[in-house]
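Single-letter residue listing:
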Amino acid sequence: MNRAASGPRRALWFGVIALAALAHPVGAAPPAWDQCVPCHGATGAGDGPAVDLLWPRPRDLRRAPLRLGADRPRLARTIREGVPGTAMPGFPALSPDQIAALVAYIADGRPAEVAPPPVDVPPPAPDEVARGDRLWAARCAPCHGPDGAGDGPLAKTLRDADGQPADLYDLRRSPLKGGETLPALMESLTRGRPGTPMAAVALPAVDRRALAARIMRRRRPDPRPRWRLPPPAAAPRAVDRHWRDRPLPETPAPPDAVDPDPARCAVCHPHQHATWRQSRHAAAAGPGLVGQYHGADGAFVRRCNGCHAPEARQQASPDHAREGVACGACHLRAHRKHGPPGPSSMRLPAPGMAPVVEPRFGRSDFCLPCHNLPLSVAVAGRPLLDTWREWAASPYLPAGVQCQHCHMPGGAHAVPGVHDAEMVRRAVRLEVDPPAVDGRVRLEARVRNVGAGHHFPTTATPRAVLRIRQLGPDGPLPGTAESWAIGRTVRHDGERWIEEADTRIPAGEARARRYDRPRHPAARRVEVSLHMFPDWLYTRFYRARLRTARGAARVDFEAALAEAGSSVILVDFRRLPLSGASAR
């Protein structure tokens, strides 16, 4: 990833959720516990629905050794500061009382640990440099490699306490989990890393200091967060009870079973049904998808329908499949209604209709199964659909802002996204500096992601285009326009996807572009515009398929292309006068 980390992102590496509130539940869980379930699981066993997207994996907080220590002071520090280089962000906005409650919940579910005494940091020895090099070659290089890149001859043979491949990251560039200071590194050497092959270094303090100083001298920290994939030997172990089976299994219906027809749901939930009808969820199995089903094998259809039309009844009926992600996809399991906590939206209470309450309906990991592809299908190190991990790496996670807060405010089911002009305009801000003119026109324009809790745009399908051009009395002037694409550019070579560029903007960051061209003699103004093409990739795909499509497939692709071509959004624009010219 070629992106710089902004201030609020430095401690928020790509993963998620607090180690903050996870322990074997021996009493009432504090409110923040619910945020931790996606990674650490309902019991804190490290088996939440998100764990297969994270590396290193979240810890089993009931029994596993905690690498930064499990005494109460260290637990509190971990909650506040996170664990750089892992999925664990810091939560500095939590109050002292909230942190204390989380610490107590974790510690009470574990054997008691006493905070160890401070580590002594002796003054440097006269021969510290030579001593550090000699000790490194003898004690550290076999695992960490000669330069600290984590590529020593023993590295691939090491396992952690769970039997997973050891996480020997790059000591030269990766964040140091315990901190970026000499005392912090001395503590790591003195105490080791519980749960990992890194044992305490049994050397005199002056030697440990020499080793720590050698590591610090050679560090060139990379400020960019890195999306890390589990090694092939890491076995999946996530448990997803709501989305595990797709298509959703069909079971014998009892007499009082809930009817899965969305029209029946509208009787008691008119607002939700009305907004859903206008949503992209309702259009998830539109003509662009169905067109691909003509002549396709059954495995392809089932794989796509797993997210686009996931109910078992939709597999058996094309008419039902065209309902897309309907009510039953999220709210019905084994003919029982499931829903979020809080007041019911039903007009009148009905016997037998009380829902199974699941807090997950209000959390971002509810969206995860369809809005993050597995890491096994990564392209250039990242899945083509990586929205949940992008959110998990952003400042929105520790702020408690979930997907539902933006995409389903107040429980509305319209789920606006990149096709919604107002949502796109809230997501980004166009900033333009006044142009400098001296025979040339120079200016800088920036697109800042101010409202999307993930990359802008999040998938390879849309593309935003920033364009700058000079205008004369009669409009645009030839030879003065420059355009920059904002998106992830990929292509398929017939066997696999290939990434050609990734210029997207992470949450809270900006992309700047400089315009520097000769001033046209007729130029009076300069125009800066930002357009969004929600279906940029699909438009090209549909055109390509129409070259050979026939019959019903052609009808579907023509309808899909017409819809995609009408989805372009003018996000924002500026027209600035050039010095010495009329602004008309």
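Note that the structure is predicted; figures quoted are calculated from it, not measured.

**Re the pattern of salt bridges**
- Evaluation of the coordinates by the stated rule reveals 53 salt bridges.
- The residue Arg382 makes a salt bridge to Asp502 at a minimum N-O spacing of 3.8 Å. Of the two residues, Arg382 sits in the loop between helix H14 (368-371) and helix H15 (387-392) while Asp502 sits in strand E11 (residues 497-502), which places them 120 residues apart along the sequence.
- Looking at Arg382, the relative accessible area reads 3%, which means it is buried.
- When its relative accessible area of 12% is taken as the criterion, Asp502 is described as buried.
- Residues Arg440 and Asp516 are paired through a salt bridge, measuring 2.7 Å at the closest nitrogen-oxygen approach. Of this pair, Arg440 sits in strand E6 (residues 440-449) while Asp516 sits in strand E12 (residues 510-518), and the two are 76 residues apart along the sequence.
- Taken together, the shared-partner salt bridges in this structure form one network comprising Arg429, Glu431, Asp433, Glu444, Arg446, Arg448 and Arg514.

**What about the nonpolar core?**
- Ranked by internal contacts, the top residues of the largest apolar core, which has 27 residues, are Leu443, Val447, Phe456, Leu466, Ile468, Val528 and Leu530.
- When contributions to this core are tallied by element, the ones reaching two or more residues are helix H17 (421-427), strand E4 (428-432), E6, strand E7 (463-472), strand E9 (482-486), strand E13 (525-533) and strand E14 (569-577).
- For Val528, the residues in contact, after removing those within four places along its chain, are Leu430, Val432, Leu443, Ala445, Leu466, Arg467, Ile468, Asp572, Phe573 and Arg574.
- Counting residues in hydrophobic clusters, the runner-up holds 16 residues, among them Val119, Ala141, Leu171 and Leu185.

**Side note on the sheet that holds strand E3 (residues 356-357)**
- As summarised here, the arrangement of the 3 strands in space is E1-E2-E3, forming an open sheet in which the pairing is mixed. Strands with a single pairing partner mark the edges of an open sheet, and in this sheet they are strand E1 (332-333) and E3.
- With 2 bridges connecting them, strand E2 (residues 336-339) and E3 associate as parallel partners. When the bridges of E3 are listed, His338 appears paired with Val356.

**Examining the environment of Thr251**
- Relative to the elements of secondary structure, Thr251 occurs in the loop between helix H6 (205-218) and helix H7 (262-268).
- Take Thr251: its relative accessible area is 31%, and that puts it in the partly exposed class.
- On a C-alpha basis, the gap between Thr251 and Arg333 in space is 9.2 Å, while along the polypeptide they are 82 residues apart.
- Contacts of Thr251, omitting those with residues within four sequence positions, involve Ala334 and His335.

Rules of the game
Residues numbered from 1 in each chain as written. Predicted model: local features only at pLDDT ≥ 70, side-chain atom pairs only at ≥ 80, totals over all residues. Heavy atoms only, no water. Salt bridge = Lys/Arg side-chain N within 4 Å of Asp/Glu carboxyl O. Helix = DSSP H or I, 4+ residues; strand = E, 2+ residues; numbered from the N terminus. Buried < 20%, exposed > 50% of the residue type's maximum accessible area, 1.4 Å probe, protein only. Core = buried A, V, L, I, M, F, W, Y, C linked by side-chain atoms within 4.5 Å. Contact = heavy atoms within 4.5 Å. Pairing = 2+ DSSP bridges.

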